[in-house]
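As a plain string of letters, each chain reads:
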Amino acid sequence: MIRRVLLRSLLALTCAGLLAPIVIVVVLSFSGDAYLAFPPRHFTLNWYARFLGNDRWRDALLNSVLIAVGACLLATSIGFLASYALVRARMPMKGAVTSLILMPLIVPNVITAVAIYFFSARLGLVGNLGWVAVAHSVIALPVVLLILQAALQGVDINLERAAMVHGCTRWGVFRRVVIPLALPGVISAMLFAFLTSFDDLVISLFLAGVRAETLPVHIWNSLTLQVEPTIAAVSTLLIAVTIIALLIDLVARRFR
Amino acid sequence: MLILPALVLLAGVFVVPLGWFLIGAFRELGEDLWPQTLAILTSRAIRTSVVLTNWIALTTTVAALALGYPIAYALTRLKGLAFSCLIACVVLPYFTSIIVRTYAWMVLLGRTGVINQILLDIGLVSQPLALIYNRTGVIIGMTYVLLPYMVLTLYSAMKSVDKRVLQAASGMGAGRLTVFLRVFLPQTLGGIAAGALLVFILSIGFFITPALMGGQTDLMAGMLVEREVEISNNFPVAGIMSVLLLAVTLILYAVYLRVADMRRLLTA
């Protein structure tokens, strides 16, 4: 009995420890105290007003969303085709190709970022929203591939054959059989591709310049100056987006 | 055919820029390629950075293993609501932006931060502790950021341990400790190796957390690359450090692929 209580409290403590940093940021973003105090004595929405009332923060938010949507669509569509090919086709060097696509996950982001920066500076692409989205899709591609390969493995090839036999075209099979069956996986892939881009700092830091500054980059720039509660408000927004994405994923998984 | 777009994207925005950057960096060295490369490799800045990077990565790996093992073990034993709570506590930070998690620890560990306030209030210390802008801060921050990778890797390894073997061992009279040490632990060694390798690989290339939470003079490998490019515009040094970092990363990745399957990380 004592053992049980002890284990339970240890477990609760671990959970608290894991979540504490995140919870404290959220609570702090509502704090109305003059200086940093925990727990806060007054509550206010001031920091959110400052966040949304500031042009640079608003621009950063817009940039982040546009880039993430672009990267998500690009990575998911390209990743879907690649995963389908890797799951279905018998082709040479399958393992090597998979490892290559997964590579950006393991190569330190700083190196990837510096390399793309070096390249983009020559082409005058630094600060271009579309280009940042393309760069993000490279680091989102491994995530998409891992999710979609698993999802597509669950699609029975006989269903595709059946559709084909009944006169469905290749594209028709794709649109009416494969995509609907893999839909929960596709949704997961899109969500995590979006998050990968939305949360990325390192690639954006090099590529965004001033024009395409994203939320994480603006947080970074503010942090190197001063730790102020507006950042807590912005962080809370990022945390909220993560939670929403995870919840949608949870629902999508039910239908797998 | 379908794989072509992915390969084009990867080639255009990953492989070619990487090759260009590295070749360009070495080309700047001109004629005396080897002597110069050697000189840079053995320079004090790079040596210090390599030692520091390894030290921080090792400490982080050990810390993540020490914290992650019990959490992963708990995950295998829990059911229902308790399981969902714990897994949520692991997964939510995992998918939260690294910059947000780092900022959270800056708020916690600062001189007037939450932890120092609590310690001062209960009178455990009379001066605020220096928990940030030094190596302690970096290690705490990095361990927190990388812990989920360790937990999920260990959990997927532990899940595949056959419970009946454990029951057999205790049925034949082994105590709880013996079952754990001689039956359970040895079967999770593969998971430990995979988790430790993964965390170590990610640690040596880390940039955000050490840059924000570390001391001014402590340059880890990733920071050195960034500094040399952004501030000193010294591409050869950045290039050589990148090659070194890349080589170590890829070698360890090859080893990692032998012991683990990356797919497990997301499907766990």
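Just so you know, these numbers come straight off a predicted model, no measurement behind them.

Chemist: Whenever I open this one, the overall build of chain B confuses me. Can you help?
Modeler: The helix and strand tally for chain B stands at 14 helices and zero strands. Overall, chain B shows an N-to-C arrangement of helices and strands of α-α-α-α-α-α-α-α-α-α-α-α-α-α. In chain B, of all internal contacts separated by at least 6 residues, the share reaching a separation of at least 24 is 75%.

Chemist: Just to check I follow, could you spell out the overall build of chain A for this structure?
Modeler: A tally of regular secondary structure across chain A gives twelve helices and zero strands. Scanning chain A from its N terminus toward the C terminus, one meets helices and strands in the order α-α-α-α-α-α-α-α-α-α-α-α. Counting only C-alpha atoms and orienting by the principal axes, one finds that chain A spans roughly 70 × 65 × 30 Å. When each of the 256 residues of chain A is scored for burial, the buried share is 45%. Across chain A, every contact between residues at least 6 apart in sequence was considered, and the portion connecting residues at least 24 apart equals 75%.

Chemist: Quick question: what am I supposed to make of the interface of chain B and chain A here?
Modeler: Interface size, as often reported, equals the accessible area lost upon joining of the parts. Across the boundary between the two partners, chain B contributes 60 residues, which contact 60 residues of chain A. For the side of chain B that touches chain A, the element with the most residues is helix α1 (residues 4–27) of chain B, which contributes eleven residues. Split into classes, the residues belonging to the side of chain B that touches chain A amount to 46 nonpolar, eleven polar and three charged.

Chemist: How do you make sense of the nonpolar core when you look at a structure like this?
Modeler: Generally speaking, a soluble globular protein has its nonpolar side chains buried in company with each other. Residue and element names in this part refer to chain A. Counting residues in each nonpolar core, the largest one holds 157 residues, and the members touching the most others are Val114, Leu141, Val144, Ala193 and Leu207. Residue contributions to this core peak at 17 residues, all from helix α6 (residues 129–153). Setting aside anything within four residues of it in sequence, one finds Leu207 in contact with Ile116, Tyr117, Ser120, Val126, Trp131, Val132 and Ala135.

Chemist: Which parts of the structure should I look at to understand the packing of helix α3 (residues 55–88) of chain A against α6(A)?
Modeler: Geometrically, a packed helix pair is captured by the angle between its two axes and the distance between the axes. Residue and element names in this part refer to chain A. Interaxial distance between α3 and α6 falls to 6 Å at its minimum, and their mutual angle equals 40 degrees. Between α3 and α6, the interaxial angle falls into the category oblique. In this structure, α3 meets α6 at a crossing whose hand is right-handed. Tallied by class, residues from the contact of α3 with α6 come to 21 nonpolar, ten polar and no charged.

Chemist: Where do I start with unusual backbone geometry in this structure?
Modeler: In terms of backbone geometry, most residues other than glycine have negative phi values and most peptide bonds are trans. Residues and elements named next belong to chain B. You will see that Tyr133, though not glycine, has its phi angle at about 65 degrees, which is positive. Looking at the secondary structure, you find Tyr133 in the loop between α6 (114–121) and α7 (135–159). With 18 C-beta atoms counted inside 10 Å, the residue Tyr133 sits in the partly exposed group.

Chemist: What's the story with the packing of helix α11 (residues 215–223) of chain A against helix α12 (residues 229–254) of chain A in this structure? I'm lost.
Modeler: Residues and elements named next belong to chain A. At a closest axis distance of 11 Å, the pairing of α11 and α12 adopts a crossing angle of 155 degrees. As the angle between them shows, α11 and α12 are arranged roughly antiparallel. Seen along the crossing, α11 lies across α12 with a hand that is left-handed. Every residue of α12 that contacts α11 at Leu215, Ile219, Ser222 and Leu223 is listed here: Ile231, Val234 and Leu238. Each residue belonging to the contact of α11 with α12 can be placed in one class, and the counts come to six nonpolar, one polar and no charged.

Chemist: So what exactly am I meant to see when it comes to the environment of A:Ala20 here?
Modeler: By secondary structure assignment, the location of A:Ala20 is in helix α1 (residues 2–28). Expressed as a C-alpha distance, the spacing of A:Ala20 and A:Leu183, which sit 163 residues apart in the sequence, is 35 Å.

Chemist: Just to check I follow, could you spell out the environment of A:Ala113 for this structure?
Modeler: Structurally, A:Ala113 is set in helix α5 (residues 109–123). Each C-alpha atom of the pair A:Ala113 and A:Leu62 lies 22 Å from the other, and the pair is 51 residues apart in sequence.

Chemist: Help me understand the confidence of the model for chain B in this model?
Modeler: Reading fine detail from the predicted coordinates is not recommended where pLDDT is low. Taken over all residues, the pLDDT of chain B has a mean of 88, while the share at 70 or more is 97%. Mean pLDDT across the elements of chain B ranges from a minimum in helix α14 (residues 263–267) of chain B, with 52, to a maximum in helix α10 (residues 189–204) of chain B, with 94.

Chemist: What is the right way to read the environment of B:Met158 from this model?
Modeler: Residues and elements named next belong to chain B. Here Met158 lies in helix α7. For Met158, a count of 18 C-beta atoms within 10 Å translates into the label partly exposed. For Met158 and Thr76, which are 82 residues apart along the polypeptide, the C-alpha to C-alpha distance reads 7.0 Å.

Chemist: Got a minute to help me understand the confidence of the model for chain A in this structure?
Modeler: For chain A, per-residue confidence averages 88 on the pLDDT scale, and residues scoring 70 or more make up 97% of the total. For chain A, per-element mean pLDDT is lowest for helix α8 (residues 170–181) of chain A, which scores 82, and highest for helix α9 (residues 183–199) of chain A, which scores 94.

Conventions and cut-offs
Residues numbered from 1 in each chain as written. Chains lettered and ligands numbered in written order. Predicted model: local features only at pLDDT ≥ 70, side-chain atom pairs only at ≥ 80, totals over all residues. Helix = DSSP H or I, 4+ residues; strand = E, 2+ residues; numbered from the N terminus. Contact = placed C-beta atoms within 7 Å. Buried ≥ 20, exposed ≤ 12 C-beta atoms within 10 Å, placed from the backbone. Nonpolar A, V, L, I, M, F, W, Y, C, P; charged D, E, K, R; others polar. Core = buried A, V, L, I, M, F, W, Y, C linked by C-beta atoms within 7 Å. Axes fitted to C-alpha atoms, helices over the stretch in contact; angles between N-to-C directions. Parallel < 35°, antiparallel > 145°, perpendicular 65-115°, else oblique. Left-handed = near helix turned anticlockwise from the far one by under 90°. pLDDT = per-residue confidence, 0-100.

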